[in-house]
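# Coordinate analysis (summary)
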Amino acid sequence: MITWSLPKILGGKNERELKKIRPIVRRINEIEISLQGETAEKLTMLTRKWQEHLARYHPLSAPTKSELESYDTPALEKIAKTLESRFLALADEFPAIPRNLSATVDSIEKAKAFFQEIESHFPSARAKYLQKILPEAYAVVKNAARRLSGSKIVVNGHAETWQMVHFDVQLIGGVALHRGLIAEMQTGEGKTLVATLPVYLNALTGLGVHVVTVNDYLAKRDSEWMGALFGFLGLTVGCLENQMPPTKRRTAYACDITYGTNSEFGFDYLRDNGMATTKDEQVQRGHYMAIIDEVDSVLIDDARTPLIITGASEQGPHPFDIHKPKIEKLVRLQTELCNQLAADAKQALEKGDTSAAGLLLLKLKLGQPRHRQFLRFMEKPELRRLLEKTELRYQQQAFRKDIFKLKEQLYFAIDEKGRDADLMEKGRIFLAPDDPDSFTIPDIGPNFAAIDADASLSREEKKIAKQKLHEQRNARAGTVHSISQLLKAYCLHERDVHYVVRDGKVTIIDESTGREMEGRRWSDGLHQAVEAKENVAVEDENHTFATITIQNYFRLYEKLAGMTGTGETEAAEFHDIYQLDVLPIPTNAPSLRIDENDQIFRTRREKFQAVISAVEKAHSSGQPVLIGTASVEASETLSRMLQRAKISHTVLNAKYHEQEAAIVALAGEAGAVTVSTNMAGRGTDIKLGKGVAELGGLFVIGTERHSSRRVDRQLRGRCSRQGDPGRSQFFISLEDDLMRNHSAPGQIASTMEQSISAARKDGKVISLGKLVETAQRQVEQQDYKNRKRVLDFDDVMNLQREIVYGQRNEILNTEDTRKLAHETIAECITCRMQGYFSEMEQFDPDFEPLIQWAESSLGIILDPGHLKTADPRQLLAEVVDEIAESYDQRLKKAPRVLVEQEERRAMLVAIDSLWQEHLADMDELREGVYLRSQGQKDPLVEYKNEGFKLFQKLMVSVQEQATGYLLQLASGLENYFSSAKAS
């Protein structure tokens, strides 16, 4: 009883959070009122004051030791004074800080070392100070917005009037964002303005705040629109644009605030850490704070596909092009088979043989779930119930084997719900009649054991035999994989639904937003399979230079927050993946939106006709209508129907995304009819035209329930902004993907019949909300599992990526490349020599391989007699010292700056070339590892184990290749400068 009463007394978690924030909001308003009597200079003065205080926590920028050694005394004195001023600012917080630095290299180096020790305390000190000034800083931003009211600001070439001052609910949202929460605010509540509060506060640190938007248009618009406010307060604003050159990117990142899309930020990170060969080529400063607009779109929808930078490699006959003709024929044979199944089912129904008909319908669903006759069958509730009954029977344990027998009567079986297609025995025989084992992946473990046990084979012959087995296995696995992906391309991915083809390229359509995802490709060869299907150039055989998932990129930030109108449904995923909690923010004015019950129809055709009727009725009164569709194909179908009905309208889908903001902005004008794929135009408010409120506001029609409740809420939220009237309604059919794949068809059909009967009697409609929501929850859970699986695999790569990128950055940033070169050479020699000693027979050691390696790789000759008597550890130390001394001696005549530059280049080239090969190996491993699940092995565990072995091999290879390059460098520079001196 007490436990039950506590939430009543204390309020829920969200309410408690809001109670904590409200006193801060009151304090902000009090300070803002007092600022209204001050001059504008007072605001910029406060900005400079806070910036100067926070500058003490900046990273130290000082010359390297080698650079200091080349400076004269006046230059050293200047550097010492600069360091002293930095230390003086920190003296009250760190009493032990050095004072009175002398103008010597040793004194400056000691000061730099002390600074490194105290740097770990800066984040907490910075956070404490920001929390202290938050009320006053937010009041400054609100007051600046008030002072800008009525002024003209050029945004995207058009003059706009500033008419915004922060509401209290926007201040609450701003506090939530600074605390690292996701602020859920309804459409039209001014999320763009809300972001100015935490952006300003955190930009005072000088570390750079990244504001992430969903497209380039919004990035440019917001950087100019909100940039006017930041500029008024004395902060600098940059914007990343597609195809922007590195020099301009570096300038944009150097600003206090940088706007851009997630792709721009992510790809810059990959270029900086995976491709830059000098520090000057890197454009990003770091990852202090990111605030993401439409955070669900970025962190959830875009997280399905990773960011990948690729480059062309040698082209050859592509496996997808090779297998495509046979797959096309296989699909035709399956269609013919399904046509016959449909005819047989119709005949069985006419005879009243429901048992045979149910079996034939199930086979038809397994063979072609989108078969036209099958969809017509499913229009009848009694046939849907018959199919459901048959499916339930075969799902029972006693009949599990029978379902496999049923599938074997097909060429391949399609699991539309699981987005998979399985080749059956009948299909395998058709594709490879002369090689029944061509689709069986062999277990090479026993074969390896047999090779190892064969005493007649030498070590080298065993190695070659094992390599040959690997190649055979990989070739067979590649064939299976290519055929599997082609089947998915033909059976599960539809043109103008899942992708569009333009200018000879296949571009993915984001299922949630309807936008084209430029530069993004499906993984595991699926994109190449679709390209082959569409007869466009197959862009494969590329080297992967760098790759990262959206999830792991945004985990790099010290602080992360976001805004959205629909975050609560994905709260669990935000918390599990990003450690972000969602806080719903109250609306500024009560919502007047009327959400009407769904209208459900048997067929898609009936549904679209009802939509047109609803549009005609609303349009006749002048009420604006926004029609949301789930695909480009659906939007174009509705457009044709509207044209036939002579209703003037505009279409907004993935094919015309450049115009989306302008079209959506006019969707609230009287008489406007707009057809839009899902959430195209998101981020642009729909304001009601003159007299539209009296007509009932904007009428939003959804033509299909999306698989995610979140997207449905986004569509509904396009109307009734800021207390405007409006209404929404969804029109759905039993042919919709969600209804077919993720609902209980019998239950839906039965409820629908009741609804129709009730409507005929008294006009009442039974709500299907709970049934639809249950289906949506199932899909959301499956989608989350899929995204989590992608992340689990990338987490393996992420650990490796962090190590490799860490090494690259150490090479780029080190003050002593010679020390790093020595360490690399020593590690290589140690690893190789220890390996040789461990493989030698104790009583009859063979030193020849070690001698040959030392001569060919290191350029030294080892004495066999000395090897027999020397202690291995002593010998190792001798070799390392000899090589290090020889290396230094050879480089003595070369200029220090040139040597450092070339040492960096040699080590980076070794890392980059081998890392790219490793990425290709990991891709191949990932493609093949899924097949191990058939052997009752967890693909993820196998991927981790095999990936670890590959990474160990990579690290050894990097050391060896870098050592080879460094020794070649020393020899080359010695010869060059010796000959130059002689001449």
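Please refer to the structure higher up on the page.
Along each chain, residues carry numbers from 1 onward, in the same order as the chain's sequence is written. Since the coordinates come from a predicted model, pLDDT governs what is reported: local features require at least 70, and pairs of side-chain atoms require 80 or more to be given and counted, while whole-chain, interface and lining totals use all residues. Water and hydrogen atoms were dropped before computing side-chain values, which therefore reflect all heavy atoms in the structure.

### Quick look at the overall build of the protein chain
Here is the rule: Only runs of H or I of at least four residues qualify as helices and only runs of E of at least two qualify as strands under DSSP, and these elements are numbered from the N terminus. In this setup the radius of gyration rests on C-alpha atoms only. A globule is expected at 2.2 Å times the number of residues raised to 0.38. When accessible area is computed with a 1.4 Å probe and restricted to protein chains, residues below 20% of their type maximum are described as buried, those above 50% as exposed, and intermediate ones as partly exposed. In what follows, a contact means two residues having at least one pair of non-hydrogen atoms within 4.5 Å.
Helix and strand counts for the protein chain stand at 38 helices and 22 strands. Computed over the C-alpha atoms, the radius of gyration of the protein chain is 33 Å, within 12% of the 30 Å expected from 2.2 N^0.38 for a compact globule of 983 residues. Overall, the protein chain is about 105 × 90 × 65 Å in size when its C-alpha atoms are taken along their principal axes. Across the 983 residues of the protein chain, 51% fall into the buried class. Pairs at least 24 residues apart make up 75% of the contacts formed inside the protein chain by residues separated by at least 6 positions.

### Comments concerning the pattern of salt bridges
Let me state the cut-off plainly: The working definition used for a salt bridge is a side-chain nitrogen of Lys or Arg within 4 Å of a carboxyl oxygen of Asp or Glu.
In the structure shown here, the tally under the stated rule is 51 salt bridges. Between R221 and D222 there is a salt bridge, with the nearest N and O atoms lying 2.8 Å from each other. D222 matches R221 in its accessibility class, with the two residues each being buried. Taking the shortest distance from any N to any O, the salt bridge between R710 and D296 comes out at 3.1 Å. Note that R710 is positioned in helix α29 (residues 709–716) and D296 in helix α14 (residues 295–301), a separation of 414 residues in sequence.

### Notes on a negative patch on the surface
This is how it is decided: Surface patches are defined over residues having more than 30% relative accessible area and no salt bridge, joining like charges when they lie within 9 Å and nonpolar side chains (Val, Leu, Ile, Met, Phe, Trp, Tyr) when within 5 Å. Method for areas: the Shrake-Rupley scheme with a 1.4 Å probe, in which residue coverage is limited to the protein chains shown. When charges are counted, neither His nor the chain ends are considered; positive counts come from Lys and Arg and negative counts from Asp and Glu. Think of each charge as sitting on NZ of Lys, CZ of Arg, CG of Asp or CD of Glu.
On the surface, E69, E810, D816, E823 and E827 cluster together into a patch of negative charge. Locating E810 in the fold gives a position in helix α32 (residues 769–813).

### Some details on the packing of helix α15 (residues 319–351) against helix α22 (residues 459–492)
Short version of the rule: To get an axis, a line is fitted to the C-alpha atoms, and for a helix only the part in contact is used. The angle between two axes follows their N-to-C directions and goes from 0 to 180 degrees. Should an angle fall under 35 degrees it is taken as roughly parallel, and over 145 as roughly antiparallel, whereas 65 to 115 is taken as roughly perpendicular and any remaining angle as oblique. Crossing handedness is read from the near helix: turned anticlockwise from the far helix by less than a right angle, it gives a left-handed crossing, and turned clockwise, a right-handed one.
At a minimum axis separation of 9 Å, α15 and α22 run at an interaxial angle of 55°. As judged from the angle between their axes, α15 and α22 are oblique. In this structure, the crossing between α15 and α22 has a hand that is right-handed. Residues P319, F320, H323, K324, I327, E328, L330 and V331 of α15 pack against T479, S482, I483, Q485, L486, L487 and Y490 of α22.

### What to know about helix α10 (residues 216–225)
Definition in use: Any N or O atom pair separated by 3.5 Å or less is treated as a polar contact, with the protein-specific requirement of one donor-capable and one acceptor-capable atom, and with residues adjacent in sequence counted only for side-chain atom pairs.
Among the residues of α10, those classed as buried are L218, A219, R221, D222, S223 and W225. In this structure N215 caps α10, since a side-chain oxygen of it lies 3.3 Å from the backbone nitrogen of Y217.

### Describing the pairing of strand β2 (residues 158–161)
To keep things clear, this is the line we draw: Here, any two strands with at least 2 DSSP bridges between them count as paired.
Note that strand β1 (residues 152–155) and β2 share four bridges and pair antiparallel. Residue pairing across strands places V154 opposite A159, the latter belonging to β2. Linking β1 to β2, which pair antiparallel, is a turn of two residues; within it N156 sits at a positive phi near 55°.

### With respect to the packing of helix α33 (residues 817–839) against helix α34 (residues 848–858)
Short version of the rule: Three classes are used: nonpolar for Ala, Val, Leu, Ile, Met, Phe, Trp, Tyr, Cys and Pro, charged for Asp, Glu, Lys and Arg, and polar for all others, with Gly counted as polar.
For the pair α33 and α34, interaxial distance at closest approach is 10 Å and the crossing angle is 160°. Relative to α34, α33 is oriented roughly antiparallel. Our pair here, α33 against α34, has a crossing hand that is right-handed. Here I829, R832, M833, Y836 and F837 of α33 come into contact with α34, specifically with P849, L850, W853 and L858. Along the lines of polarity and charge, the residues of the contact of α33 with α34 split into eight nonpolar, no polar and one charged.

### Side note on unusual backbone geometry
For Q243, which is not glycine, the phi torsion reads 65° and is therefore positive. Here Q243 shows up in the loop between β5 (237–239) and α12 (246–254). Of note, D496 is a non-glycine position whose phi angle comes to about 70°, a positive value. Within the fold, D496 resides in the loop between α22 and β11 (499–502).

Shape is all these values report; function is a separate question.
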